[in-house]
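# Architecture at a glance
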Amino acid sequence: MKKILLSVAVVAALSLASCGNKNADKATTTTEQEVATEQGDKYVVNLTESSVNWKVGHKGGLNPRFGTLALSAGDIAIDANGLNAGSYTIDMNSIKVDRASVDADEDIEKLGGHLKSPDFFDVEKNPTVDFKITKVEDFDATQHKSTVEGANKMVSGNLTILGKTVNITFPAKVTVENGKAVMHASFIADRAAWGLVFGTTDKDSGAALNPADWAISQDMEIGIHLVADKVTE
């Protein structure tokens, strides 16, 4: 199965956010699960039209940092019941910091380099983040809540960051029309689940810090806008 590009983390897949963001859903996580088998028609991710955004709280929730990531590959499967399987890959070398998220005197290239360093995503050793769908269920408004307008699916998938795979579940709006499938989601996950603990532990001892002393939120927000085109023979 080819990869599509998505959280987790990141994501995933991926965008980081401050705790309590009312514009994103709180994702749930569990151990790695069996990847779903593709059924129906194949759709290839449109790398030009798709996008991934990230956001992370900074300095106790003030001055959040945010930016973008680029997908490098991906595909999904659609049958009579809609989205059922697929995968995607994020190019971590593409990570960019939005100038609007930093102070005028800050060097966004330096910040981007820090995100690529071993303190965070260690991009030299881990150049991609992968997401593989394990299950897709209908969104039930009596059981689920979402900030995504029109959310109609609950998507679960194995998100691999820094070589660690965690299964993550989040609401999404998925539409299929005229040979084009679109998935939109915005969710928050705990970056520590993938070993991303910089700023939450003591640099020397590795001991956990009091949340009041965190320079960077442990929560990350991942925003996904995935567009895929039907493969025709």
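Residues numbered from 1 in each chain as written. Predicted model: local features only at pLDDT ≥ 70, side-chain atom pairs only at ≥ 80, totals over all residues. Heavy atoms only, no water.

## Observations concerning the overall build of the protein
In terms of helices and strands, the protein carries one helix and eleven strands. Start at the N end of the protein and walk to the C end: the helices and strands fall as β-β-β-β-β-β-α-β-β-β-β-β. Classification of the 233 residues of the protein by burial places 47% in the buried group. Working note: accessible area of the protein is about 11,500 Å², and carbon and sulfur atoms make up 48% of it. (Helix = DSSP H or I, 4+ residues; strand = E, 2+ residues; numbered from the N terminus. Buried < 20%, exposed > 50% of the residue type's maximum accessible area, 1.4 Å probe, protein only. Areas by Shrake-Rupley, 256 points an atom, 1.4 Å probe, with all protein chains shown as cover.)

## A few points about the pattern of salt bridges
This model, assessed by the stated rule, comprises seven salt bridges. A salt bridge links Lys135 to Glu137; the shortest N-O distance between them is 3.9 Å. For the salt bridge of Lys180 with Asp229, the shortest nitrogen-to-oxygen distance reads 2.8 Å. Pair noted here: Lys180 is in strand 10 (residues 180-190) and Asp229 is in strand 11 (residues 219-230), with a separation of 49 residues, a long-range link. By relative accessible area, Lys180 is classed as partly exposed at 28%. Overall, Asp229 belongs to the partly exposed group, its relative accessible area being 26%. Each member of the salt-bridge network shares a partner with another, and the members are Glu49, Lys180 and Asp229. (Salt bridge = Lys/Arg side-chain N within 4 Å of Asp/Glu carboxyl O.)

## A closer look at the packing of aromatic side chains
Applying the stated rule across the entire model yields three aromatic pairs. Note on Phe131 and Phe170: the rings are 5.9 Å apart at their centroids and 45° apart in plane angle, and the pair reads as tilted. Of the two residues, Phe131 is situated in strand 7 (residues 128-138) and Phe170 in strand 9 (residues 164-177); the sequence distance between them amounts to 39 residues. Per residue, the accessibility class of Phe131 equals that of Phe170, and both read buried. (Phe/Tyr/Trp six-rings, centres within 6.5 Å; stacked < 30°, edge-to-face > 60°.)

## Brief notes about the confidence of the model for the protein
A low pLDDT means the predicted coordinates there should not be read in detail. Looking at the protein, pLDDT values average 85 and 80% of them are 70 or higher. Long-range and interchain partners of residues 1-20, a stretch whose pLDDT sits below 50, account for 142 contacts in this model, where long-range means more than four residues apart. (pLDDT = per-residue confidence, 0-100. Contact = heavy atoms within 4.5 Å.)

## Quick look at the nonpolar core
Ranked by size, the top nonpolar core spans 44 residues in total, and within it Ile168 and Phe170 carry the most contacts. At six residues, strand 6 (residues 82-97) tops the list of elements feeding residues into this core. (Core = buried A, V, L, I, M, F, W, Y, C linked by side-chain atoms within 4.5 Å.)

## Topic: the pairing of strand 6
With 13 of its 16 residues buried, strand 6 lies for the most part within the structure. When strand 5 (residues 65-79) meets strand 6, the two strands line up antiparallel, connected through eleven bridges. Across the sheet, Ile76 pairs through a bridge with Gly86, a residue of strand 6. Here strand 5 folds back onto strand 6 in antiparallel fashion, the turn holding two residues. Sheet topology note: the strand 6/strand 7 ladder contains five bridges and is antiparallel. Within the sheet, the bridge partner assigned to Ile90 lies in strand 7 and is Val129. (Pairing = 2+ DSSP bridges.)

## Some details on the environment of Leu159
Its location among the elements puts Leu159 in strand 8 (residues 153-161). Spatially, the C-alpha atom of Leu159 lies 8.8 Å from that of Ile133, the residues being 26 residues apart in sequence.

## Remarks on the pairing of strand 7
Two faces make up the sheet, and in a regular strand the side chains alternate between them. The sheet contact formed by strand 7 and strand 8 spans eight bridges and is antiparallel. By the bridge assignment for strand 8, Asp130 is matched with Thr160.

## What to know about the side chain of Thr169
Assignment of secondary structure puts Thr169 in strand 9. Not counting chain neighbours up to four residues away, the residues in contact with Thr169 comprise Ala27, Thr28, Met154, Val155 and Ser156.

## Digging into the side chain of Asp122
In this fold, Asp122 is placed in the loop between helix 1 (108-116) and strand 7. As a buried residue without a salt bridge, Asp122 has its nearest oppositely charged side chain in Lys125, at a separation of 4.4 Å. Apart from residues no more than four positions distant in its own chain, Asp122 is found in contact with Leu115, Lys116, Ser117 and Leu162. (Lys, Arg positive; Asp, Glu negative; His and termini not counted.)

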